[in-house]
Amino acid sequence: MKKTQIITTVFEYNSIDELSLEEQELVRNAKEAALRSYSPYSKFSVGAAILLENKDIIQGNNQENSAYPSGLCAERVAMFYANSKYPDVPVKTIAITARTNGQFSENPIPPCGSCRQVLLETEERFNQPIKLILFGEKKIKIVKTIKEMLPLYFEKEMLDE
Ligand code: THU
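Residues numbered from 1 in each chain as written. Predicted model: local features only at pLDDT ≥ 70, side-chain atom pairs only at ≥ 80, totals over all residues. Heavy atoms only, no water.

1. Description of the pairing of strand 6 (residues 131-135)
Line of reasoning, step 1. Burial of strand 6 is extensive: 4 of the 5 residues sit out of reach of the surface.
Line of reasoning, step 2. Pairing of strand 4 (residues 91-100) with strand 6, which is carried by 4 bridges, proceeds in the parallel orientation. What sits directly across from I94, in strand 6, is L132.
Line of reasoning, step 3. As paired elements, strand 6 and strand 7 (residues 140-143) share 4 bridges and run antiparallel to each other. If you follow L134 over to strand 7, its bridge partner there is K141. (Buried < 20%, exposed > 50% of the residue type's maximum accessible area, 1.4 Å probe, protein only. Helix = DSSP H or I, 4+ residues; strand = E, 2+ residues; numbered from the N terminus. Pairing = 2+ DSSP bridges.)

And the structure:
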């Protein structure tokens, strides 16, 4: 028997002023995106903003549907759009925000499992870590690579086994 431990390092901040100007700008974009979310069913508006290597910022938000499973999370809307518009440009960072009852959440909201899998594929595709900024009004968390958010992940090489 061999025991291994997988460690995730989370950097926590109490104020947006502690982030770099580039990170602050990305959070601003994610907040802006959340305000345009189409979420009449959950009333939970999520905004994502992606910073690309070419300095472009791509925004996305959750898009819901009366046939509930047909909707899509903000992170995947943003990431699929980034990859469809710039298939050859690596992704550097993604910021995520969430809003309910007319206010941004106090605590950071982490991406769901399916979104982690999609973000991870982009990280693998460009062989470059993607920084994750999870914004909350009272706390901000940063994780330096998606792999740390999804241990024991499924990857394309497994399709050949
Ligand atoms: N949602 C996201 O956009 N991202 C996540 O990572 C979690 C959940 C959306 C999906 C749905 O529109 C609403 O939040 C409530 O689950």
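Following the structure, the description resumes.
2. As for the nonpolar core
Line of reasoning, step 1. Counting 25 residues, the largest nonpolar core has I50, L52, M79, I94 and L132 as its most contacted members.
Line of reasoning, step 2. Contributions of two or more residues to this core are made by strand 2 (45-52), helix 2 (74-85), strand 4, helix 3 (113-126) and strand 6.
Line of reasoning, step 3. Filtering out sequence-adjacent residues up to four positions away, L52 remains in contact with I58, A82, Y86, V89, P90, V91 and K92. (Core = buried A, V, L, I, M, F, W, Y, C linked by side-chain atoms within 4.5 Å. Contact = heavy atoms within 4.5 Å.)

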